[in-house]
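# Overview (structure and organization)
Given next are the chains, with one letter for each unit.
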Amino acid sequence: MLFACGKRIDPNRFKDVKIEEGDLVFRRGTGTKSRAVLNADSLGIYSHVGIIVKLDEKFCVVHITPGERHKGDTVDKVKAESLDEFWSNKRAIHGAVFRFKTPIVCAEASSQAIRLLKKGVQFDHDYELNDSTMMYCTEFVWYAYSKAGVDISSGKRSRINMPVYGGTYLLPSDIFTNPEFKQIFKF
């Protein structure tokens, strides 16, 4: 057992979650950036998303987010980590797994995510959805699925009018509200 903020943490607390390649893994984060996303998103349930892939015979979450660099990294870029790391107590208050209805599409989206991981795609701090050379989290999973032939947002975009960020963005609720996804787990 590990301890954080006086609470016991089981490093394998999500080992029994039945995940598959292409599943989308959402979390409600703990930091200020997460709160900003939650405030901007009309449903405000989740602030971050990644995709399940299989690397070296192990399932992991591939995602991109600012400020969570692996040791030695000098830029924010796509990374792979365990479900326990992705949903660690210091990063997540709530989480969920959503599965798309077509397994072959899920497998291809997972392959696309691995390709982007190997390419080292960097985080898009300007949140430009029309430029796929750099990406933010929802853009990343949407792009992986689009390369598999499916628009998982069904064309939905959110218009935000905030002092720092104003424009049209792809937010977590633009994806998880798609009826083609089924929620298979949440905490």
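Worth saying up front: this structure is predicted, and the values here are computed from it rather than measured. (Residues numbered from 1 in each chain as written. Predicted model: local features only at pLDDT ≥ 70, side-chain atom pairs only at ≥ 80, totals over all residues. Heavy atoms only, no water.)

### Section: the pattern of salt bridges
Under the criterion given, the structure shown has 11 salt bridges. With its nearest N and O atoms 3.6 Å apart, the salt bridge here joins Glu-20 to Arg-99. Here Glu-20, found in the loop between strand E2 (7-9) and strand E3 (24-29), pairs with Arg-99, found in strand E7 (residues 92-100); they are 79 residues apart in sequence, far enough to count as distant. One salt bridge connects Asp-23 with Arg-99, and the closest N-O pair in it is separated by 2.8 Å. With Asp-23 in the loop between E2 and E3 and Arg-99 in strand E7, the pair connects residues that are 76 residues apart, well separated along the chain. The exposure class assigned to Asp-23 is buried, which follows from its relative accessible area of 0%. One continuous salt-bridge network, built from bridges that share partners, spans Arg-27, Glu-68, Lys-79, Glu-81 and Arg-91. (Salt bridge = Lys/Arg side-chain N within 4 Å of Asp/Glu carboxyl O. Helix = DSSP H or I, 4+ residues; strand = E, 2+ residues; numbered from the N terminus. Buried < 20%, exposed > 50% of the residue type's maximum accessible area, 1.4 Å probe, protein only.)

### A word on the pairing of E7
Summarising burial for E7: seven of the nine residues are buried, a large majority. In this structure, E3 lies alongside E7, joined through six bridges in antiparallel fashion. Bridging from a neighbouring strand, Arg-27 pairs with Gly-95 of E7. Of the strand pairs in this sheet, E7 and strand E12 (residues 181-186) are connected by five bridges, and their pairing is antiparallel. From the neighbouring strand, Arg-99 faces E12, where its bridge partner is Lys-182. (Pairing = 2+ DSSP bridges.)

### Observations regarding helix H3 (residues 103-119)
When the terminal C-alpha atoms of H3 are compared, their 24 Å separation across 17 residues agrees well with the 24 Å that a helix rising 1.5 Å per residue should span. Of all the residues in H3, the buried ones are Val-105, Cys-106, Ala-109, Ser-110, Gln-112, Ala-113, Ile-114, Leu-116 and Leu-117. If you follow the buried residues of H3, they end up packed against strand E4 (48-55), strand E5 (58-63), strand E6 (79-81), E7, strand E9 (134-135) and helix H4 (137-147). At the C-terminal side of H3, Gly-120 shows a positive phi close to 75 degrees. (Expected span 1.5 Å × (residues − 1). Contact = heavy atoms within 4.5 Å.)

### Some points on the packing of H3 against H4
One can describe the packing of H3 onto H4 by two numbers: an axis separation of 8 Å at closest approach and a directional angle of 120 degrees. In this view, H3 runs oblique relative to H4, as classed from their interaxial angle. Seen along the crossing, H3 lies across H4 with a hand that is right-handed. Along its contact with H3, which presents Val-105, Cys-106, Glu-108, Ala-109, Gln-112, Ala-113, Arg-115 and Leu-116, the element H4 presents Phe-140, Tyr-143, Ala-144, Tyr-145 and Lys-147. Counted by class, the contact of H3 with H4 contains nine nonpolar, one polar and three charged residues. (Axes fitted to C-alpha atoms, helices over the stretch in contact; angles between N-to-C directions. Parallel < 35°, antiparallel > 145°, perpendicular 65-115°, else oblique. Left-handed = near helix turned anticlockwise from the far one by under 90°. Nonpolar A, V, L, I, M, F, W, Y, C, P; charged D, E, K, R; others polar.)

### A few points about unusual backbone geometry
Even without glycine at this site, Glu-57 takes up a positive phi of about 65 degrees. Following the sequence through the fold, Glu-57 ends up in the loop between E4 and E5. One non-glycine residue, Ser-154, adopts positive backbone phi at about 50 degrees. With respect to the element layout, Ser-154 can be found in the loop between H4 and strand E10 (158-161). Among the residues examined, Ser-154 registers a relative accessible area of 54% and is labelled exposed.

### Here's the deal with H4
Most of H4 is tucked away: nine of the 11 residues are buried. Every buried residue of H4 is listed here: Cys-137, Thr-138, Glu-139, Phe-140, Val-141, Trp-142, Tyr-143, Ala-144 and Tyr-145. Remark: Gly-149 follows H4 within two positions and exhibits a positive phi of approximately 95 degrees.

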